[in-house]
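Listed below, chain by chain, are the residues.
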Amino acid sequence: MHARHLFESVRKITSLDARQRELGADEATDQIGSYSSTDGRILATILSVTAACEQNHAALESQLNALVGLGSGGFTDAGELAHLNEIRLESVPEVLREYIGDLLE
């Protein structure tokens, strides 16, 4: 992935606008096959950080889905996902708790 595309992905994933964060996570999922090991790990770490801070449930679901995809692509380990431990599970819908639990296992 070119630096410009990686930068654009990071910009969307970290946007102040929840809809942009959701779209950025969805786009990250769509492009998994184009990531180098480093690019995938960078995006996984950023997605983990944004998920830990996310207040919008739709954006959080997209971020968690992207992390599942990145995990399937071999881009995640405990280090990239560590920030998910900061999510207060009681503040998210049950289906998202399951996503989080699966990712942390």
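Model, not experiment: these values are computed from the prediction.

Observations concerning the overall build of the protein
Scanning the protein from N- to C-terminus turns up six helices and zero strands. Mapped from its N terminus to its C terminus, the protein presents α and β elements in the order α-α-α-α-α-α. Expected size for 105 residues packed as a compact globule is a radius of gyration near 13 Å; at 12 Å, the protein falls within 12% of this value. Each principal axis of the C-alpha atoms in the protein carries an extent, and together these give about 40 × 30 × 20 Å. Buried residues in the protein amount to 41% of all 105 residues.

Some thoughts on the packing of helix α3 (residues 37-53) against helix α4 (residues 57-72)
Across the interface, α3 lies against α4 with an axial gap of 9 Å and an inter-helix angle of 150°. Taken together, the axis directions place α3 and α4 in an arrangement best described as roughly antiparallel. By crossing handedness, the relation of α3 to α4 is classed as left-handed. Note on element contacts: α4 touches α3 through Leu 60, Gln 63, Leu 64, Ala 66, Leu 67 and Leu 70, opposite Gly 40, Leu 43, Ala 44, Leu 47, Ser 48, Thr 50 and Ala 51. Looking at the contact of α3 with α4, its residues break down into nine nonpolar, four polar and no charged.

With respect to helix α1 (residues 3-13)
Every buried residue of α1 is accounted for by Leu 6, Ser 9, Lys 12 and Ile 13. Buried positions in α1, seen along its axis, are confined to an arc of 130° and lie on one side of it. When the buried face of α1 is taken as reference, the exposed residues oriented beyond 90 degrees from it are Ala 3, Arg 4 and Phe 7. In this structure, the buried side of α1 is in contact with α2 (18-30) and α3.

Description of the layout of surface pockets
Its volume calculated, the largest pocket comes out at about 180 Å³. Every residue along the wall of the largest pocket is listed here: Ala 51, Ala 52, Glu 54, Gln 55, His 57, Leu 60, Glu 86, Ile 87, Arg 88, Ser 91 and Val 92. Sorting the residues of the lining of the largest pocket by element identifies α3 and α4 as the ones contributing at least two each. When its residues are assigned to classes, the lining of the largest pocket shows five nonpolar, three polar and three charged.

A closer look at the packing of α4 against helix α6 (residues 94-104)
Across the interface, α4 lies against α6 with an axial gap of 10 Å and an inter-helix angle of 25°. Taken together, the axes of α4 and α6 lie roughly parallel to each other. The handedness of the crossing between α4 and α6 is left-handed. For the pair α4 and α6, contact is made by His 57, Leu 60, Glu 61, Leu 64, Asn 65, Leu 67 and Val 68 and by Leu 96, Tyr 99, Ile 100 and Leu 103, respectively. Residue composition of the contact of α4 with α6, by class: eight nonpolar, two polar and one charged.

A closer look at the pattern of salt bridges
Charged atoms that come close allow side chains of opposite charge to pair. This model, assessed by the stated rule, comprises eight salt bridges. Across the pair Glu 22 and Arg 19 runs a salt bridge, and its minimum N-O distance is 3.3 Å. In this pair, Glu 22 and Arg 19 are both assigned in helix α2, three residues apart and thus about one turn of the helix distant. Taking the relative accessible area as the measure of exposure, Glu 22 reaches 17% and is therefore buried. The network of salt bridges with common partners includes Arg 41, Asp 77 and Glu 80.

What counts and how
- Residues numbered from 1 in each chain as written.
- Predicted model: local features only at pLDDT ≥ 70, side-chain atom pairs only at ≥ 80, totals over all residues.
- Heavy atoms only, no water.
- Helix = DSSP H or I, 4+ residues; strand = E, 2+ residues; numbered from the N terminus.
- Rg over C-alpha atoms; globule rule 2.2 N^0.38 Å.
- Buried < 20%, exposed > 50% of the residue type's maximum accessible area, 1.4 Å probe, protein only.
- Axes fitted to C-alpha atoms, helices over the stretch in contact; angles between N-to-C directions.
- Parallel < 35°, antiparallel > 145°, perpendicular 65-115°, else oblique.
- Left-handed = near helix turned anticlockwise from the far one by under 90°.
- Contact = heavy atoms within 4.5 Å.
- Nonpolar A, V, L, I, M, F, W, Y, C, P; charged D, E, K, R; others polar.
- Arc of directions from axis to C-beta.
- 1 Å grid on protein atoms, 1.4 Å probe; cavity = no way out; pocket = protein on both sides within 12 Å on 5 of 7 lines; lining within 4 Å.
- Points joined across faces, edges and corners; volume = space filled by probe spheres on them.
- Salt bridge = Lys/Arg side-chain N within 4 Å of Asp/Glu carboxyl O.

What is shown is where atoms sit, not what they do.
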